[in-house]
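Per-entry structural report
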Amino acid sequence: MYINEQFKEVSDHYTSIVSENTNPTDCKKLAVKVISFLEEKKIVQKELSNCVLGLNGHKPAENFASILERQNEGLQDLKTNGVEIITERKVFENGANGLEQVNCPKCGKNQIGEDWAEALGNWYEKSESDLLKCSDCLSENPITEFHFEPNWAFGDFGLIFWNWGIFKREFLIELEKVIGTKLKIVYGKV
């Protein structure tokens with residue numbers, strides 16, 4: 001939980017670590033593998049509990065700070081402090097951090113003012129075309145190839161760490177090896 005002193009705003013922050021290239025049929029097995037990896041290193045506890053804003057998650061274990069460059073002070077005292085495992089199609093967006101740009105992958109022009117919601121919905125529902133036509137260069141590309149700023153990710157597998165802090169690069173590299181794909185990081189807040 002983060003408190004903005006200027007506005008006395010209290011909000012939960014999250015870091016989504018997403019594999020955009022995981023086969024949907026492998027997600028459940030991959031979740032077991034990743035949780036086992038995190039449990040063995042004593043990063044998370046095995047038991048599920050009400051510690052995330054979604055369904056149940058895994059609370060931090062005694063070595064949780066070993067993967068953090070900078071941890072959120074008082075993490076273990078927060079009600080929302082767990083790791084949520086996502087094993088179904090999801091748009092990993094950044095919540096209340098806002099969205100500034102949706103840039104065309106071909107020409108780089110910002111398409112935030114265009115109607116890209118239908119392509120996004122089609123990707124999520126796996127229906128019709130998820131193509132979006134750039135209003136500048138007129139190329140058509142899948143919505144998932146556009147560059148969102150701040151970062152968004154699209155996938156069937158991800159981990160959401162609630163209020164943990166900033167992760168060490170070494171941990172992210174190790175997690176990529178465990179998962180077997182490149183990972184995309186999305187920072188968000190509620």
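The following refers to the structure shown. (Residues numbered from 1 in each chain as written. Predicted model: local features only at pLDDT ≥ 70, side-chain atom pairs only at ≥ 80, totals over all residues. Heavy atoms only, no water.)

Here we look at the overall build of the chain
Secondary structure assignment for the chain yields three helices and 16 strands. Seen along its three principal axes, the alpha-carbon backbone of the chain occupies a region of about 55 × 45 × 30 Å. The 190 residues of the chain split such that 43% are buried. Within the chain, contacts between residues at least 6 apart in sequence are counted, and of these 70% link residues at least 24 apart. When the accessible surface of the chain is split by element, carbon and sulfur atoms take 48% of a total near 10,500 Å². Charge centroids of the chain, computed over 22 positive and 30 negative side chains, lie 5 Å from each other. (Helix = DSSP H or I, 4+ residues; strand = E, 2+ residues; numbered from the N terminus. Buried < 20%, exposed > 50% of the residue type's maximum accessible area, 1.4 Å probe, protein only. Contact = heavy atoms within 4.5 Å. Areas by Shrake-Rupley, 256 points an atom, 1.4 Å probe, with all protein chains shown as cover. Lys, Arg positive; Asp, Glu negative; His and termini not counted. Charge placed at Lys NZ, Arg CZ, Asp CG, Glu CD.)

Points about helix α1 (residues 27-40)
For α1, with 14 residues, the first-to-last C-alpha span of 20 Å sits near the 20 Å given by 1.5 Å per residue. Of all the positions in α1, only Cys-27, Leu-30, Ala-31, Val-34, Ile-35, Phe-37 and Leu-38 are classed as buried. Looking down the long axis of α1, one finds its buried residues gathered within 155° of arc, a one-sided arrangement. In this structure, α1 carries Lys-28, Lys-29, Val-32 and Glu-40 as exposed residues pointing more than 90 degrees from its buried face. Close packing links the buried residues of α1 with β4 (44-49), β5 (57-60), β7 (83-86), β14 (157-162) and α3 (169-179). Directly after α1, the chain includes Lys-42, whose backbone phi takes a positive value near 60°. (Expected span 1.5 Å × (residues − 1). Arc of directions from axis to C-beta.)

A few points about the pattern of salt bridges
Under the definition given, this model contains three salt bridges. In this structure, the salt-bridge partner of Lys-184 is Glu-20, at a minimum N-O distance of 3.9 Å. Placement of the pair is Lys-184 in strand β16 (residues 184-189) and Glu-20 in the loop between β3 (13-19) and α1, with a sequence separation of 164 residues. We classify Lys-184 as partly exposed; its relative accessible area is 22%. A residue is classified by how much of its surface remains accessible, and Glu-20, at 30% relative accessible area, is partly exposed. (Salt bridge = Lys/Arg side-chain N within 4 Å of Asp/Glu carboxyl O.)

Here we look at unusual backbone geometry
Note that the residue after Glu-149, namely Pro-150, is joined by a cis bond; omega there is -10°. Assignment of secondary structure puts Pro-150 in the loop between β12 (147-149) and β13 (153-155). Positive phi, close to 45°, is recorded for Glu-128, a residue that is not glycine. Position of Glu-128 among the secondary structure elements: in the loop between α2 (117-125) and β10 (131-133). A relative accessible area of 73% places Glu-128 in the exposed class. The phi torsion at Leu-138 lies on the positive side, around 70°, for a residue other than glycine. With respect to the helices, strands and loops of the structure, Leu-138 is situated in the loop between β10 and β11 (140-142).

What to know about the packing of α1 against α3
Two elements in contact, α1 and α3, have axes whose closest approach is 10 Å; the angle formed by their N-to-C orientations is 140°. The angle between α1 and α3 falls in the class oblique. You can see that α1 and α3 cross each other, and the crossing is right-handed. In contact with Leu-30, Lys-33, Val-34, Phe-37 and Leu-38 of α1, α3 contributes Phe-171, Glu-174, Leu-175, Val-178 and Ile-179. (Axes fitted to C-alpha atoms, helices over the stretch in contact; angles between N-to-C directions. Parallel < 35°, antiparallel > 145°, perpendicular 65-115°, else oblique. Left-handed = near helix turned anticlockwise from the far one by under 90°.)

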